[in-house]
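Topology and contacts: notes
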Amino acid sequence: MKKLAFVMIGAAASGLGACSGNNQDAVQNAELNQPNADQLNELSNQAAMDANAEAAALANQQKLLDEENAAARANVVNPKEADEQNVSGM
């Protein structure tokens, strides 16, 4: 029983000894997956241009809606004026 325990402890120690904290493959893989500064700048510039285009489109849409609203108000007859003109016919 003691021999089995020593064998198991020895096997565990050997297995853990193969795992070291200096794993360059893992470090290099992590570095490869990170974008560099130029890529980040390009992405941020693209996002800013997209946001500006979206803001311009929304401003244009708001302008069109305001124009439609103004046109709709211009065509509405004030009921008080209509009543006044109707009275003159009596």
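Residues numbered from 1 in each chain as written. Predicted model: local features only at pLDDT ≥ 70, side-chain atom pairs only at ≥ 80, totals over all residues. Heavy atoms only, no water.

Structural notes on the overall build of the chain
Broken down by element type, the chain carries four helices and zero strands. Element order for the chain, N to C, with α for helix and β for strand: α-α-α-α. Within the span of the chain, comprising 90 residues, buried residues form 0% of the whole. Carbon and sulfur atoms provide 58% of the accessible area of the chain, an area that totals close to 8300 Å². (Helix = DSSP H or I, 4+ residues; strand = E, 2+ residues; numbered from the N terminus. Buried < 20%, exposed > 50% of the residue type's maximum accessible area, 1.4 Å probe, protein only. Areas by Shrake-Rupley, 256 points an atom, 1.4 Å probe, with all protein chains shown as cover.)

Structural notes on the confidence of the model for the chain
Predicted confidence across the chain gives a mean pLDDT of 79, with 68% of residues reaching 70 or more. Per-element mean pLDDT across the chain ranges from 66 in helix H4 (residues 79-87) up to 93 in helix H3 (residues 37-74). (pLDDT = per-residue confidence, 0-100.)

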